[in-house]
Each structure stands twice: as structure tokens, then as C-alpha cells.
Amino acid sequence: MLDKILSINIYLVLAMSSKIIQFSIIIPFKSGKKYLLECLHSVLAQDYPYYNVIILADNTSNADNALNEVAALQNNKISILQSNEPLNILQNWGRIKEIDKYEYMTLLGYDDVLEKTFLSTIHQLIQQSPEASLYHTHFKYINSETEYIKNCQPLPYQLNVSEYLSLALQQNIDIMATGYVFKSSDYDALGGIPTQYPNLIYADLQLWIALTKKSHLVVAPSVQFSFRIHASTTKTSPNKILLDAFLIFLNYLYQLKQESTILASIIEKNGKRFTENTTKEIAHRLLRTPKKLREGFTIDTMIEKIENASSLLHIDYAPSQIKSIRIAKLIEGNELLNTLFLFFKKIYKKPIL
């Protein structure tokens, strides 16, 4: 209790001596009462007092009484914006740019958890680097039982857009929607998170690149939130959805190439590895999907679509030279091998290609 009183007094002094920085924490929500309440308790435990919480829900979100339990918390920091009709993920996240927000905002997964010092750490970053356009912290992964899995890949204190894009294409950065903080006016000016991406796959990456372009990103070295990995994580999206989202992102990379010779050079240098790694990921996911559930979607059709989309990037995309993809095509084309592979995957879950 004494620590809490001292923390509040510190911020009262700050409020009298300088401009108060206020944050909106926005939580799009469909269902999952247990995780939402755990998330909210972590938010309400923040040692920085100047924030509000906006829960974006639809008319189906209270099926498990989740919203009633949120209301029962009786905390005036929390508001629930519930639509009158069902909304898919794109429609719900698309509302964010239309709502009233404080000067700074962050998007928070309903199943993720903040450390109590998350906002105070971000506040300190803003004080140190007020000219930055994006703020972030290190984080850790947790499972469905909130058990620790691992920490994210380490990041330097400051990154410009060239450095950020390089790390992203090299896959040397863990990119999530949670944990980034930015000015609400910048978010709205960009049109919000790009909702043309199915299931918002790659949408957060495009948003962080666009915000970093405005100035730069700064990152706190401390772990300030937990990202939850469980069955609803986007890695489980259907293969076709993952491919469609990837094709849209390749088109975004082409747009970046037209804007900057520096970014064009980075894309040409790192795009081959990035594109071929994604090709391998989709190919191996396809193998784990029985053909009767694919609706005619094959490794060859996937490669053809990526090849067409990447041709403008000048990245020498050559999936036929990748041994694991050649093996995947061989297994896919042989009914016996395909049956044996699917059987084996039922008893052995780790990647084998």
C-alpha cells in the first residue's frame, strides 16, 4: 500500500510540473472471459495512473457473461463499446480509428498480460525520446496457462525504418500487435491498422513499418508484457488465408520499393530469404492438411502465386532450389508417401522438413 501511495504522489508532482501524458489501451474482444479478466487485472494494476481502457466488443461478446463481469469491476477507467450486430475481426479492429482516444494509444490482445510498470516504462521512453513515432518494450511468451515459454528476440534501443525493415525481413524480430505505443493522431492519419489483410495477418507489421517511417522506434530493454501463444494464435489460420495475406504484404513491399532507394535495396537484399522462408512455412503446413480439405490448393499453385507477386521485387525467388520444398512436393505428389506423412504427423508433432 505504501508503494502505491508513493507512486501516486510521484505522478501528482509530475502532473503539476509538466504536461500529463495520457494513454488509451484498446482491447478488441470477441469471446474468452477468463483471458479478458486476467488481461484487465494486469492493466488496472498499472503504477502509472493516466490511462483509460476501451473494450471493443460486438453483440455476441457477452455469451459467456464476460462483459457483465467487466462491468462488475465498477472501474471508471474501463468503457465498453459494443456494436448492435456481429462483427468479424476486420470490422471490429477497423472501428479503432473512429473512436475517441487519448493522445497516446496501444493495442492490447485480450489474452495478453501487462507488467504493472508497462505504462510507466513507456512514459519514461517518451520523456527520453519525445521525437520518436513508435515505442515498444521487450516481452516474453506465455502459454494458455500463463506459464513462461521464452523471451522475445533482443532489440536495440533505437531503430529507423531501414533497420526495422531489415530485421523484419531477416526474421530477427518478433512482431506482435501487442506492446507498441504511438500517437493516436498518427494512427488515425494512417487510416488505422490496414484491414485488407485476412485475419489481420501481416497487418500489424505494415502498421509498425508505416509508424516507424514517421520518425523512429525506441525500445525499452526490460520485459514489460507477456504475449500468449495458444490455439487461437494466427499461426493456425487456414493455409489459403495465410497465403492471401502474404501476397498483400508482398505488394506493400513493392510500394515501399517505389518510395525509397534505401528501402528498395533492403528489400532486394533480404526479400529472397524472407519470401522463400514463408514459402517453406506454407508448403509444410499444406502437407499437414489432408488433400480433401484443401479445395484444390497445392504447393505448386501456392508457389506460382508467390512467384507472380514477387516478380516485381527483383529478389531472385527460387523455391525449386530449396531441398525441403522439393521433398514436400515429392510427398504431396505420391499418395502413399502423403498418407504415411499424415500418419506420422499425428504421432510426432515437431517439424521434420
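Treat the numbers as computed from the prediction; the structure is a model and nothing was measured. (Residues numbered from 1 in each chain as written. Predicted model: local features only at pLDDT ≥ 70, side-chain atom pairs only at ≥ 80, totals over all residues. Heavy atoms only, no water.)

Visitor: With reference to specific residues and values, describe the pattern of salt bridges.
Guide: Taken as a whole and judged by the stated rule, the model has 13 salt bridges. With a shortest N-O distance of 3.9 Å, Lys-97 and Glu-98 are connected by a salt bridge. Here Lys-140 and Glu-115 are joined by a salt bridge, their closest N and O atoms 3.9 Å apart. With Lys-140 in strand S6 (residues 134-142) and Glu-115 in the loop between strand S5 (113-114) and helix H5 (118-128), the pair connects residues that are 25 residues apart, well separated along the chain. Its relative accessible area of 29% is what places Glu-115 among the partly exposed residues. (Salt bridge = Lys/Arg side-chain N within 4 Å of Asp/Glu carboxyl O. Helix = DSSP H or I, 4+ residues; strand = E, 2+ residues; numbered from the N terminus. Buried < 20%, exposed > 50% of the residue type's maximum accessible area, 1.4 Å probe, protein only.)

Visitor: Give a description of the pairing of strand S4 (residues 104-107) that names residues and reports values.
Guide: Neither face of S4 is exposed, since Tyr-104 and Thr-106 on one face and Met-105 and Leu-107 on the opposite face are all buried. In this sheet, S4 lies alongside strand S1 (residues 23-28) in parallel orientation, the contact comprising 4 bridges. Within the sheet, the bridge partner assigned to Phe-23 lies in S4 and is Tyr-104. Pairing between S4 and strand S9 (residues 181-183): 3 bridges, direction antiparallel. Counted as the bridge partner of Thr-106 is Val-181 from S9. (Pairing = 2+ DSSP bridges.)

Visitor: I'd like a description of the confidence of the model for the protein chain, backed by residues and values.
Guide: Per-residue confidence for the protein chain gives a mean pLDDT of 91, with 91% of residues at or over 70. Note that residues 232-236 has pLDDT below 50 and, in this model, 9 contacts with residues that lie over four places away or in other chains. (pLDDT = per-residue confidence, 0-100. Contact = heavy atoms within 4.5 Å.)

Visitor: Which residues make up empty space enclosed by the protein, and what are the values?
Guide: Here the idea is plain: a probe the size of a water molecule rolls over the atoms and shows the empty space left. Under the definition given, this model contains 1 cavity of 30 Å³ or more. Reported here for the largest cavity is a volume of approximately 30 Å³. Around the largest cavity, the lining residues are His-136, Thr-137, Phe-139, Cys-152, Gln-153, Leu-155, Ile-173 and Asp-174. For the lining of the largest cavity, the class distribution of residues is 4 nonpolar, 3 polar and 1 charged. (1 Å grid on protein atoms, 1.4 Å probe; cavity = no way out; pocket = protein on both sides within 12 Å on 5 of 7 lines; lining within 4 Å. Points joined across faces, edges and corners; volume = space filled by probe spheres on them. Nonpolar A, V, L, I, M, F, W, Y, C, P; charged D, E, K, R; others polar.)

Visitor: Any chance you could break down the environment of Ala-168 for me, citing the residues and the numbers?
Guide: By the secondary structure assignment, Ala-168 is in helix H6 (residues 161-169). Separated by 30 residues in sequence, Ala-168 and His-138 have C-alpha atoms that sit 15 Å apart.

Visitor: Now, about the packing of aromatic side chains: what can you tell me, with residues and values included?
Guide: For the structure shown, the criterion picks out 17 aromatic pairs. Pairing Phe-23 with Tyr-104 gives two aromatic rings, centres 5.9 Å apart and planes at 45°, and the pair type is tilted. Taken together, the positions of Phe-23 in strand S1 and Tyr-104 in strand S4 put the pair 81 residues apart, joining distant regions of the chain. Exposure class is identical for Phe-23 and Tyr-104. Each is buried. Taking 5.6 Å as the distance between ring centres and 70° as the angle between the ring planes, the aromatic pair formed by Phe-29 and Tyr-110 counts as edge-to-face. (Phe/Tyr/Trp six-rings, centres within 6.5 Å; stacked < 30°, edge-to-face > 60°.)

Visitor: How would you summarise the side chain of Gln-224 if you had to cite specific residues and measurements?
Guide: Residue placement: Gln-224 occurs in strand S10 (residues 217-228). In terms of polar contacts, Gln-224 uses its side chain to reach the backbone amide nitrogen of Phe-118, at 3.3 Å. For Gln-224, the side chain forms a polar contact with the side chain of Thr-121, separated by 3.3 Å. Apart from the residues lying within four places of it in its own chain, the contact partners of Gln-224 are Leu-114, Glu-115, Thr-117, Phe-118, Thr-121, Thr-137 and His-138. (Polar contact = N/O pair within 3.5 Å; in protein donor to acceptor, adjacent residues only side chain to side chain.)

Visitor: Go over the pairing of strand S7 (residues 148-151) with me, naming the residues and quoting the values.
Guide: As judged from the 3 bridges shared by S6 and S7, these two strands associate in the antiparallel manner. By the bridge assignment for S7, Ile-142 is matched with Tyr-148. Linking two consecutive strands that pair antiparallel, namely S6 and S7, is a turn of 5 residues; a positive phi of about 65° is found at Thr-146 within it.

Visitor: Outline the packing of H6 against helix H8 (residues 203-214), supporting the account with residue identities and numerical values.
Guide: Running from amino to carboxyl end, H6 crosses H8 at an angle of 160°, the nearest separation of the two axes being 9 Å. Judged by the inter-axis angle, H6 sits roughly antiparallel to H8. Between H6, through Val-161, Tyr-164, Leu-165 and Ala-168, and H8, the contact on the second element is made entirely by Leu-205, Trp-208, Ile-209, Thr-212 and Lys-213. (Axes fitted to C-alpha atoms, helices over the stretch in contact; angles between N-to-C directions. Parallel < 35°, antiparallel > 145°, perpendicular 65-115°, else oblique.)

Visitor: A description of the environment of Leu-44 should follow, citing residues and the corresponding values.
Guide: Within the element layout of this structure, Leu-44 appears in helix H2 (residues 33-44). Between the C-alpha atoms of Leu-44 and Leu-114, which are 70 residues apart in sequence, the distance is 9.5 Å. Here Leu-44 is in contact with Tyr-51, Leu-73, Asn-75 and Ile-78, once residues within four sequence places are set aside.

Visitor: Give a detailed account of the state of the cysteines, specifying residues and quantitative values.
Guide: Scanning the model with the defined rule gives 0 disulfides in all. Of all cysteine sulfurs, the one in Cys-152 lies closest to Cys-39, which takes part in no disulfide; the gap is 18 Å. For Cys-39, a relative accessible area of 0% translates into the label buried. Exposure remark for Cys-152: the relative accessible area of 10% places this residue in the buried category. (Disulfide = S-S within 2.5 Å.)

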